[in-house]
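Structural overview
If you want the building blocks of each chain, they are given just below.
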Amino acid sequence: MNLRRDVFQAIADPTRRAILLLVASQTMTAGAIASNFDTARPTVSKHLHILTECELLKQEQNGREIHYHINAKKMKEVADFIEPFREMWDDRFNKLEAIMKNYKPKD
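An account of the accompanying structure is given in this report. (Residues numbered from 1 in each chain as written. Predicted model: local features only at pLDDT ≥ 70, side-chain atom pairs only at ≥ 80, totals over all residues. Heavy atoms only, no water.)

This part covers the overall build of the protein. When its secondary structure is counted, the protein shows five helices and three strands. Each helix and strand of the protein, ordered N terminal to C terminal, gives the series α-α-β-α-α-β-β-α. Overall, the protein is about 70 × 30 × 30 Å in size when its C-alpha atoms are taken along their principal axes. Out of the 107 residues in the protein, the part that is buried amounts to 25%. In the protein, the share of contacts with a sequence separation of at least 24, taken over all contacts with a separation of at least 6, comes to 51%. Of the roughly 8,200 Å² of accessible surface on the protein, a fraction of 54% belongs to carbon and sulfur atoms. When the 17 basic and 15 acidic side-chain charges of the protein are each reduced to a single mean position, those positions are 2 Å apart. (Helix = DSSP H or I, 4+ residues; strand = E, 2+ residues; numbered from the N terminus. Buried < 20%, exposed > 50% of the residue type's maximum accessible area, 1.4 Å probe, protein only. Contact = heavy atoms within 4.5 Å. Areas by Shrake-Rupley, 256 points an atom, 1.4 Å probe, with all protein chains shown as cover. Lys, Arg positive; Asp, Glu negative; His and termini not counted. Charge placed at Lys NZ, Arg CZ, Asp CG, Glu CD.)

Given below as structure tokens:
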């Protein structure tokens, strides 16, 4: 049975989130990514496979090396999903801030 992970399962893991942060600023090889972690390279390779499978990372062959880079379109889908929740919490905190500004403690 071949289970397909979704992006939220992929970003649920802290190591995969750390990989995304690394690759967000620059294209990197698997070895360069793995050098940032205290885990075995096959473990990082599995994380890269999951991120690639979920299309959060793209692979680009450059000679014998594979370079990984962020897939901005897929990351935007994640951000678009989260945006309504961020707006809701911003609104709630703004309302709380307004209440607290008018709050006068009893003497």
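Pairing between strand S2 (residues 57–62) and strand S3 (residues 65–70): six bridges, direction antiparallel. The residue bridging Leu57 from the neighbouring strand is Ile70, located in S3. In textbook terms, the turn of a hairpin is the stretch between consecutive antiparallel strands, and for S2 and S3 this stretch comprises two residues, one of which, Gly63, has a positive phi near 70°. (Pairing = 2+ DSSP bridges.)

Taking 1.5 Å per residue as the helical rise, helix H5 (residues 72–102) with its 31 residues ought to reach 45 Å, and the 43 Å between its terminal C-alpha atoms agrees with that figure. Taking the largest bend as the criterion, H5 deviates by roughly 35°, centred on Ile82, and proline Pro84 comes between one and four positions later. (Expected span 1.5 Å × (residues − 1). Bend = angle between axes of the 7 residues up to and from the residue.)

Counting residues in hydrophobic clusters, the biggest one holds 20 residues, and the most contacted among them are Ile19, Ile33, Val44, Leu48, Leu51, Leu56 and Leu57. Mapped onto this core, the elements with two or more residues apiece are helix H1 (7–11), helix H2 (14–25), helix H3 (30–34) and helix H4 (41–53). Per-element accounting of this core gives the leading share, four residues, to H4. Once you skip the residues sitting within four places of it in the chain, Leu57 turns out to touch Ile19, Leu20, Val23, Leu48, Leu51, Thr52, Tyr68, His69, Ile70 and Asn71. (Core = buried A, V, L, I, M, F, W, Y, C linked by side-chain atoms within 4.5 Å.)

This paragraph deals with a nonpolar patch on the surface. On the surface, a cluster of nonpolar side chains totalling about 1,100 Å² of accessible area is made up of Phe8, Phe81, Ile82, Phe85, Met88, Trp89, Phe93, Leu96, Ile99, Met100 and Tyr103. Mapped onto the fold, Ile82 is located in helix H5. Judged by relative accessible area, which is 40%, Ile82 ranks as partly exposed. (Patch = residues over 30% accessible without salt bridge, like charges linked within 9 Å, V, L, I, M, F, W, Y side chains within 5 Å. Salt bridge = Lys/Arg side-chain N within 4 Å of Asp/Glu carboxyl O.)

Let us look at the packing of aromatic side chains. Following the criterion strictly, the structure yields three aromatic pairs and no others. Ring geometry for Phe8 and Phe81: centres 5.0 Å apart, planes at 55°, overall tilted. Here the residue Phe8 occupies a position in helix H1, and Phe81 occupies one in helix H5, the gap between them amounting to 73 residues. Ring geometry for Trp89 and Phe93: centres 6.0 Å apart, planes at 40°, overall tilted. Of this pair, Trp89 and Phe93 both sit in helix H5, four residues apart, which is roughly one turn of that helix. (Phe/Tyr/Trp six-rings, centres within 6.5 Å; stacked < 30°, edge-to-face > 60°.)

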